[in-house]
Structure formats: C-alpha cells, structure tokens
Amino acid sequence: MPRGELVQTWADISRAARLLNYEPTINLQTGIALFVDWFKMYKKKRRSEEHDASTTPAEELYRKLKEESEERERIYGIQRFLADVEEQIARQTVLKEKYRSWANGNDVPVPDMTGKHNFTFHPHMMMRQTAAFVFLPYLARDVKSLRQICAWYEECVAFSTDGHLFRSVKPKSEWKRQFNETDEGLYVSEVDVCVADLHNCNSRSTCIADPETKSFRCECKSEYHATAAGSCIPAYTADREKEEQERQDEMTDIFNGVNITQMKTAAKWLIYKDRFSAEGDYMMAPQLRGDVEGLKQACMDLKVCIGFTSDGFLKSALAPFDKWKVATPGTGPFYALDIDYCASENKFHFCDWQLVCVPDGTQGPLFSCLTKRSAKAALKHLEMNHGRIAHNSLTLEGIS
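As a starting point, this report considers the structure included with it. (Residues numbered from 1 in each chain as written. Predicted model: local features only at pLDDT ≥ 70, side-chain atom pairs only at ≥ 80, totals over all residues. Heavy atoms only, no water.)

1. What to know about helix 4 (residues 143-152)
At step 1: Looking only at helix 4, the buried set comprises Val143, Ser145, Leu146, Ile149 and Cys150. Seen from one end, helix 4 has its buried residues packed into an arc of 160°, which puts them on one side. (Buried < 20%, exposed > 50% of the residue type's maximum accessible area, 1.4 Å probe, protein only. Helix = DSSP H or I, 4+ residues; strand = E, 2+ residues; numbered from the N terminus. Arc of directions from axis to C-beta.)

This is the structure we're talking about:
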C-alpha cells in the first residue's frame, strides 16, 4: 500500500444527517463509475476547447467559407433538380389524370396509392442501388427534401438516405445492411405494394403484404415450387408448357447449330457426392424425389435438362464449379451430363458476359469461367494433353 493511504476511518455523518437532512443514496461502486464517466467527458471537452483555441482566425474563416459554399451548392442542386423535373411532373400529372378518368369509365383497376405520403424508416438497410430510378447525391441525409421529392413522383415508393429513389420495393429478405449510422437507412412508403402492383413478384408467385414491416414477400403459387435462390419453377409434367418449351428449344438448336439430343444421348452421367450447382433450376419433380432412374429419364425427356439433384430439382444450366455449394444432409448426390457446356453461348452455363466459358478447365471437371488470357492458356493446355484436366478435390464416378 502506498505511503499516506488511509488505513482506517471513524468518519461520522450523523450530524450532517441531523442538521442538513443529508441522506446519501449512491454506493461507492456506482459513485466511482459516475465519476469516471464525468472525468472522460470533462477531458474531451477540454481537448475540444484547446483545439478551438489553437485555430487561427484565417483557418476559422476558411472553415466557415467552406461550409457556406457546400450549403449553397446543396440548395442550388435542389433548385436545379426541381426546375428540371417541374415540367416533367406537370405533364405526367395530366396524363395520369386522363388515364384515371379512362380507367374509371372502363372498369380498369387503378393502383391504390393510399398511404403514399407516409413512410416507415428501416435503419441501416438498403435495396440494390441498380433498382433505383433516380439518384440525388447532393440530397444525401436531407430526409425532408428526399421525402418531398419522392412524394412528387407518383411512382416513387421508397428512398434511401444517400439519395436513391425507388419505384418498386423488393421483399425485405433481399435487403442488405449498408449504413452504419442509426439515422441512415431506407424509407419505405406505407402503400400496400401488393394492391398497388409495385412489387417485383413475377407471374409464378403471389405478393403477400406484411403490415408490420410495411414490406412483402413473394410466395410461389400452388402449381410451382420454390428454389433455394428464391425463384418459382413449375412441376415436371408432360403438359402444354413442356411442349411449348421443347418447341422453343428446337428453334434454338436450329439457330445455334447445336444438336442437344445427340449430345445428351452420347453423354455419360457424372455424380457429385459433396457439391451441387444451386443455380439453373428449371423444373421440380416431387413425385420422383429419391428415384434416380426416374429423374434420369425425366431429364432425358426434357431437351433443356442437363442435370438434377436427388431431391427432384431439374437443371437447365450450371454455375462454374467454384460457385457450387456444399451439399447438405438430405440433398443427396448431384447428377450432371458430361457434355460440352460451352457449346452453346449462355445456354448451359452462368458465366458472366466478360468471361469466357472453357470446357474441363482447372476450376472444375465440367467448365470454368475465365478471362480471355487465362482461357487461351487453358485451351492450349487441353490441346496438348488431348483430354480432361482432372480435379483432385472432387470424387467423380461415371455411371451408366
């Protein structure tokens, strides 16, 4: 113990309590914590005051001039935008009134925009920026102006605090956390997007509104099945849709010069025990779940099918091997035909447009998506070896 520390005390506050009505209510631990908080705030305030005191008059003048310039630019940006869109909004208003008048006279449903001017705030969240139809960066964090402009645009149903305006809303499951500050995020109009038809659900799904979050979800209709990617695919049947799809495939074959039937008939089946392509779902055959031979036959019957999972998902295209997912219990092996997936442009694979599809590349046993330079090297290696480049990390079995 340091010299001078108090070892014992006979302090008595009874007189203070009697004369001054002193009744302490904070114990020692709480008092120390409060003192530490006060001291930190005090030191921060002192540092700030010292910094302000060290600022020269010239620096302070420059700071004020810069703030004024930024504020003038912001106001000018708002005025410029309003001037640009004022005439456009006026024309749209006239056209929309004419449409409403015509629709009411012909019993055509008009979107119900009740709640258009009320917004629900979702902190930190953001939709995909490419879905925005207007971007106003000079209004970033100016919620009042963004709310006003979104209200002017009848098709605007959401906006973000960084200046993006949206004319449709995606399901909340597709939103991403993007902002760190609690006052930044996404404002979504309280319009029922399902009733107003301002959602992105396709014809195979039904829009289901969520009143609590002012959002919605896309639920597959009864005749369709949901995939892991969130899309809805039809059930495997020999109905009109299948026949129409096959006729479309036949025309595609004629124009692309690829005989899919001959290619599939000559190919072997490859089995992947621990991985599968999550993309490319085309149809679902729940009645054949677990029936490998039945799924093989169904896939051969459908000209567009080139693979399937054991739980019944029929594939029309595959992702490159480095994009495949690890199989989960119950998924079962994944089967794919050993064909040239690069034979028809963008038909059997999901390579990005700036990449080249290379069969039997070093990324996996079926094909790879490579840059042009890497693709040339891979194709040269293939020609030198006259065969497949083996992929040691994946066990393959050829099955008849």
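2. Observations concerning the packing of aromatic side chains
At step 1: Tallied over the full model, the rule gives 14 aromatic pairs.
At step 2: Aromatic pair tryptophan 38 and tyrosine 42: ring centres 5.3 Å apart, planes at 15°, arrangement stacked. On the criterion of helical spacing, the pair formed by tryptophan 38 and tyrosine 42 is a turn pair, its members being 4 residues apart in helix 2 (residues 28-54).
At step 3: The class for tryptophan 38 is partly exposed, based on a relative accessible area of 43%.
At step 4: Considering the side-chain rings of tyrosine 272 and phenylalanine 334, the 6.0 Å spacing of their centres and the 40° angle between planes classify their relative orientation as tilted. Of this pair, tyrosine 272 sits in strand 12 (residues 269-272) while phenylalanine 334 is found in strand 18 (residues 334-337), placing the two residues 62 residues apart along the sequence.
At step 5: Ring pairs connect the aromatic residues Phe35, Trp38, Phe39 and Tyr42, which therefore count as one cluster. (Phe/Tyr/Trp six-rings, centres within 6.5 Å; stacked < 30°, edge-to-face > 60°.)

3. Some remarks on the state of the cysteines
At step 1: In total, this model carries 6 disulfides according to the counting rule given.
At step 2: The disulfide that involves cysteine 201 links it to cysteine 218, with 1.9 Å between the sulfurs. Of note, the bridge from cysteine 201 to cysteine 218 carries an S-S torsion of about -90° and is left-handed in sense. Within this pair, whereas cysteine 201 is found in the loop between helix 5 (193-196) and strand 8 (205-210), its partner cysteine 218 is found in strand 9 (residues 215-220), the two being separated by 17 residues in sequence. (Disulfide = S-S within 2.5 Å.)

4. So, the nonpolar core
At step 1: Counting 39 residues, the largest nonpolar core has Leu318, Tyr341, Leu366 and Phe367 as its most contacted members.
At step 2: Within the residue set of this core, elements represented by two or more residues are strand 12, strand 14 (281-284), helix 8 (292-301), strand 18 and strand 20 (367-370).
At step 3: Excluding its chain neighbours within four sequence positions, the residues that come into contact with leucine 318 are Ser277, Ile306, Trp324, Phe334, Ala336, Tyr341, Phe348, His349, Phe350, Leu366 and Phe367.
At step 4: Counting 20 residues, the second-largest nonpolar core is a separate cluster that includes Met126, Ala158, Leu186 and Val191. (Core = buried A, V, L, I, M, F, W, Y, C linked by side-chain atoms within 4.5 Å. Contact = heavy atoms within 4.5 Å.)

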